[in-house]
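# Report on the structure
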Amino acid sequence: ATRSPHRPNNIGLSLVKITGVDEKKKRLYIAALDLVNGTPVYDVKPVVPWDCPNNLVVPSWVSQDDALSTVSFTKEAGDNLEYLLKRKKLAPLYTVKDFDDAKEAIKEILSQDPRAAKKRGKLSTMTEPYKVTFGSIELKFIVEEQGKVDVIGMAELEIDDSTVFVDGIPLAREGTMA
């Protein structure tokens with residue numbers, strides 16, 4: 001429990017802004033992170049007067065609007081999500097009763113445009129959908145209109161017996177996922 005940058009482990013420090021608290025779900029919502037997407041936050045400490053930075057500047061990439069402002073689900077994709085939640089494919093993060101939360105998390109991920117850098121900002125020109133891993137499922141989506149993503153399906157990842165899991169999430173290693 002130290003704020004020192006000289007730490008005995010690989011845990012980093014970030015100054016963040018608390019944007020909301022959901023006591024019922026025991027969730028803390030934060031913004032202005034300088035973390036890679038998916039990095040866990042283990043501890044939050046209050047800012048004290050001698051810690052307050054003067055002239056705080058937030059990088060533009062932290063506060064920019066979502067690249068893809070509208071994310072919608074086909075009926076098939078919604079049905080796929082419900083089926084996968086029933087099979088506990090996003091547990092322990094999401095269960096079947098968390099359908100709306102899981103759907104919102106997917107929307108947040110896709111609104112950031114997770115496609116390769118050379119594809120970002122462009123419409124889909126390929127016949128195959130884009131794919132991205134979320135927990136132990138694969139999301140399939142297309143970008144047909146500027147700023148609009150359509151989630152067209154999702155499926156369980158094919159995971160072999162040697163796959164290592166952390167908090168129910170498979171770690172991707174070369175040759176472990178089909």
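For the structure given in this document, a descriptive report is provided here. (Residues numbered from 1 in each chain as written. Predicted model: local features only at pLDDT ≥ 70, side-chain atom pairs only at ≥ 80, totals over all residues. Heavy atoms only, no water.)

### Concerning a nonpolar patch on the surface
On the surface, Ile18, Val21, Leu28, Leu35, Val41 and Val44 cluster together into a nonpolar patch covering about 470 Å² of accessible area. Note on placement: Val21 falls in strand β1 (residues 17-22). According to the relative accessible area criterion, Val21 is exposed, its value standing at 57%. (Patch = residues over 30% accessible without salt bridge, like charges linked within 9 Å, V, L, I, M, F, W, Y side chains within 5 Å. Areas by Shrake-Rupley, 256 points an atom, 1.4 Å probe, with all protein chains shown as cover. Salt bridge = Lys/Arg side-chain N within 4 Å of Asp/Glu carboxyl O. Helix = DSSP H or I, 4+ residues; strand = E, 2+ residues; numbered from the N terminus. Buried < 20%, exposed > 50% of the residue type's maximum accessible area, 1.4 Å probe, protein only.)

### Quick look at helix α3 (residues 99-111)
When the terminal C-alpha atoms of α3 are compared, their 18 Å separation across 13 residues agrees well with the 18 Å that a helix rising 1.5 Å per residue should span. Regarding α3, the residues found buried are Asp101, Ala102, Ala105, Ile106, Leu110 and Ser111. Lining the buried residues of α3 we find β2 (27-31), β3 (70-73), α2 (75-86), β4 (130-134), β5 (137-145) and β6 (148-156). After α3 finishes, the residue Asp113 shows a positive phi value of roughly 55 degrees. (Expected span 1.5 Å × (residues − 1). Contact = heavy atoms within 4.5 Å.)

### Structural notes on the nonpolar core
The biggest cluster of nonpolar side chains holds 23 residues, and the ones touching the most others in it are Leu90, Ile106, Leu110, Phe134, Val151 and Met154. Among the secondary structure elements, those contributing two or more residues to this core are β3, α2, α3, β4, β5 and β6. Phe134 has contacts with Leu90, Tyr94, Ala102, Ala105, Ile106, Ile109 and Leu139, leaving out every residue within four places of it along the chain. (Core = buried A, V, L, I, M, F, W, Y, C linked by side-chain atoms within 4.5 Å.)

### A few points about the sheet that holds β5
Across the sheet, which stays open at both edges, the 4 strands sit in the order β3-β6-β5-β4 with mixed pairing between neighbours. The open sheet is flanked by β3 and β4, the only strands paired with a single partner. If you compare each strand with its neighbour and ignore which way they point, the axes differ by 35 degrees on average. As defined by bridge partners, β4 adjoins β5 across 5 bridges and the pair is classed as antiparallel. Paired with Lys131 across the bridge in β5 is Lys140. Those strands touched by α2 are β3, β5 and β6, and its axis lies near 40 degrees from that of β6. (Pairing = 2+ DSSP bridges. Axes fitted to C-alpha atoms, helices over the stretch in contact; angles between N-to-C directions.)

### Some words on the packing of α2 against α3
For the pair α2 and α3, interaxial distance at closest approach is 11 Å and the crossing angle is 120 degrees. Between α2 and α3, the interaxial angle falls into the category oblique. Once α2 is placed against α3, the crossing between them reads as right-handed. Contacts from Gly78, Leu81, Glu82 and Leu85 of α2 reach α3 at Phe99, Ala102, Lys103 and Ile106. A per-class count over the contact of α2 with α3 returns 5 nonpolar, 1 polar and 2 charged. (Parallel < 35°, antiparallel > 145°, perpendicular 65-115°, else oblique. Left-handed = near helix turned anticlockwise from the far one by under 90°. Nonpolar A, V, L, I, M, F, W, Y, C, P; charged D, E, K, R; others polar.)

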